[in-house]
Amino acid sequence: MKKSAFGKWLSHPTYFMFWIALGFYAWSFSFNSKDVPVQGDVQMSSLAETDVSADFSEDVMQTEYKDLEAKSDEQIIAELEASSEKYDFSKDENPYAVDPQALDEFDEKMASAPYKVKDNYFVYENILDGDIKVDFEEAKACGAPRLIYEKMITSNPKLKSWIQLPEKEDADLPMKCITHIMNSVTLPKANYALCAKASGGGRRGIAKSCVTQNMVSLTYNAYTDVTDCLNLNPKDLLPKISNESGFALNAYGTKGDGGIGQLTGIAIAEVNKVYDNYLTQIQKAAATKPSCARIMQDKSVLTKASAEPSQRCSLMAVPENPLKNVLYMAILNRMNMDRMSGISFLAGKDYLSKDGEWKLIKNNSSDSFEGVFKKYQFKAKLEKLGIKNANLHFYKDVLTFAGYNMGTPTSIRLFDEYLSKRLGLRKITKSEKAEKVKAEEDNASPYLFNEQEVLAKPIKTSLKDFDFNNTAVAYDVDEKEKSVVTIARLQVNSGSISKKDAPVVKAQKVKRRKELPKQWALAHLKTFPEYLAYRANNYDGKSTSHFTMYGTPGYLNLVADKNKSMRDLFNASGSSPDYCSNPNFLKANK
């Protein structure tokens, strides 16, 4: 972008729509290391016609569907109200579990705040009520409460080099992008905490820190050095960070999510298992990569963080942070992606172990994968569905980002289920497996069988079925046009009815609840974004009332919409839409 054009943009009074806070309980930068059982080889040579009714009868008990049709609206409302009152959310052991009633409360908060609707998502107006903010704030204009952290970072000698303006900005991410997000996102005071030292849980309720040159430089230098060192695209995490912390090093989530990365205890514990190894590889890379060398220049600030909620300041206090917080977030991102693909970070470069040799990865569509993708034969399944030469990095990123919200094992399971259902595969039951084993013994001859068997013809599938950026719209039960993912979200949340709900709201929820069993069972006939929204829960087709969702339904679409909002904003300003965003973010390209 030419300098004159950028200056013209800065002087133009543009009042714009901006995005904030739709991650909600999706703040979890969590990871669950427990592997999903790996399925055996899949034979797909002979495929019959798709039998939709068979899949429906298998997944959703017809009894519930018929019972719902037979019951009056008043009966269903009474049952759901009673269920909401007695539901004990504390019994759910899944760390990504979100109670439908909690999502209802979140919707109420959203509806009571000033907002405008764009593309069926809540998009907040710029809370600063001014022009696009890409410049630093003046300390004298901020006031003492907002300068608490400013004094802490400027008085600490360990941060002297970190708060200096970089001699050269990151080639992929201009500094004004970070400044813009820090200026534009403001959370309630309860979501900021004061951590005077790297121990304890901090004290909630302080003002947002002033966005000074020192604060932006500290944040920008830490973020760009870590992403460069670990070979991550710095623009890919911006929609999530702006959605959750706004790059505030002392942002404090309602469930104990701490700092810029909003890491929870389970995420911190998982990173701690591999933390020392990553530091070793970063140290090896320091000889050739300046970004890695700067990270390792003071190892005293890189001690392991505590996973205990009472010690969240270990990821929010200076001088350890924001560097250590961003590093933990980046390692979590890398370890999840590497688990998917089998790629390893070694001395600053990406390698794949194949046939007993380490091969350097090019990070493009020609790369082959090992890891989870090989175990579940994702590439072969995509090819059988008609998606040839798939860019596996896109699907790896989708499952990784989805995993932040619902847990990586859940995102892997749902992707495998989606592909398998569209291929017409059905997993063999334990009893069927036992029968085949017995048949082999009786016949005294080899009887080979697989963990899955073919039942139907593959459903025609294309890249559009994995598009998180251009979601189709449809009419909801209230006769309003909405994103199909938004409709899915409302349907899975229809199992919770409160006595406080208005009659019209109760009536709409009953309509959605009656429709849910069929839509849940046939979700594989829809796009993958819709499938994620419908199936990321413990609903088994038999739960008449309360069931728990894992993460926020439609989360990836919300994050993709954040990215699109930023692109639209900068494009309208006269700048390039790529200025602060990745044009291929969650985009299914070959």
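Parameters and conventions
- Every chain's residues receive numbers from 1 upward, in the order its sequence appears when written.
- Owing to the predicted nature of the model, reporting of local features is limited to residues with pLDDT of at least 70; listing and counting of side-chain atom pairs is limited to 80 or more, with chain, interface and lining totals taken over all residues.
- The side-chain figures draw on all heavy atoms in the structure; neither hydrogens nor water molecules are used.
- For helices the rule is a DSSP run of H or I covering at least 4 residues; for strands it is a run of E covering at least 2, with both sets numbered from the N terminus onward.
- Expected span of a helix, by definition, is 1.5 Å for each gap between consecutive residues, and there is one gap fewer than residues.
- Note on exposure labels: buried denotes an accessible area under 20% of the residue type's maximum, exposed denotes more than 50%, and partly exposed covers the range between, all computed with a 1.4 Å probe on protein chains only.
- For the purposes of this section, nonpolar cores are sets of buried Ala, Val, Leu, Ile, Met, Phe, Trp, Tyr and Cys residues that join through side-chain atoms within 4.5 Å.
- When checking whether two residues touch, look at their non-hydrogen atoms; a contact exists if any pair is within 4.5 Å.
- Here, any two strands with at least 2 DSSP bridges between them count as paired.
- Axes, fitted as lines to C-alpha atoms, cover a helix only where it is in contact. Angles between the N-to-C directions of the axes lie from 0 to 180 degrees.
- A carboxyl oxygen of Asp or Glu within 4 Å of a side-chain nitrogen of Lys or Arg is what we treat as a salt bridge.

## A word on helix α12 (residues 323–341)
Consideration 1: The end-to-end C-alpha separation of α12 is 27 Å, in line with the 27 Å expected for 19 residues at 1.5 Å each.
Consideration 2: Among the 19 residues that make up α12, 19 are buried, leaving the element largely enclosed by the rest of the structure.

## Digging into the nonpolar core
Consideration 1: Ranked by internal contacts, the top residues of the largest apolar core, which has 136 residues, are Tyr 223, Leu 230, Phe 466 and Phe 528.
Consideration 2: No other element matches the 11 residues that α12 contributes to this core.
Consideration 3: The residues touching Tyr 223, leaving out its near neighbours within four places in the chain, are Leu 173, Ile 178, Pro 234, Leu 237, Leu 238, Ile 241, Phe 247, Val 326 and Met 329.
Consideration 4: By size, the runner-up hydrophobic cluster in this structure holds 6 residues, among which are Leu 68, Ile 76, Leu 80 and Ile 497.

## Here's the deal with the sheet that holds strand β8 (residues 357–360)
Consideration 1: Here 3 strands make up an open sheet; going across it, the order is β6-β7-β8 and the pairing antiparallel. The sheet is open, and its two edges are formed by β6 (343–346) and β8, each paired on a single side. Taken over all neighbouring pairs, the strand axes of this sheet differ in orientation by 45° on average, direction set aside.
Consideration 2: For strand β7 (residues 349–354) and β8, the ladder comprises 4 bridges, and the chain directions are antiparallel. Each bridged residue has a counterpart across the sheet, and for Lys 354 the counterpart in β8 is Glu 357.
Consideration 3: The strands touched by α12 are β6 and β7; relative to β6, the strand with the most contacts, the crossing angle is about 135°.

## Some remarks on unusual backbone geometry
Consideration 1: Note the cis peptide between Val 318 and Pro 319, where omega equals 10°.
Consideration 2: With respect to the secondary-structure elements, Pro 319 resides in the loop between α11 (290–295) and α12.
Consideration 3: Residue Pro 322 follows Asn 321 across a cis peptide bond; omega there is 20°.
Consideration 4: The topology assignment puts Pro 322 in the loop between α11 and α12.
Consideration 5: For Asn 231, which is not glycine, the phi dihedral falls at a positive 60°.
Consideration 6: Secondary-structure assignment places Asn 231 in the loop between α8 (213–229) and α9 (238–244).
Consideration 7: Here Gln 262, not a glycine, exhibits a phi torsion of approximately 50°, which is positive.
Consideration 8: Here Gln 262 shows up in the loop between α9 and α10 (265–285).
Consideration 9: In this structure Gln 262 comes out as buried when scored by relative accessible area, which is 0%.

## Here we look at the pattern of salt bridges
Consideration 1: The full count for this structure, using the stated rule, is 23 salt bridges.
Consideration 2: Note that Asp 135 and Lys 176 form a salt bridge whose closest N and O atoms lie 3.3 Å from each other. One end of the pair, Asp 135, is in the loop between β3 (121–123) and α6 (148–154); the other, Lys 176, is in helix α7 (residues 175–184), with 41 residues separating them in the sequence.
Consideration 3: We classify Asp 135 as partly exposed; its relative accessible area is 43%.
Consideration 4: Residue class for Lys 176 comes out partly exposed when judged on its relative accessible area of 24%.

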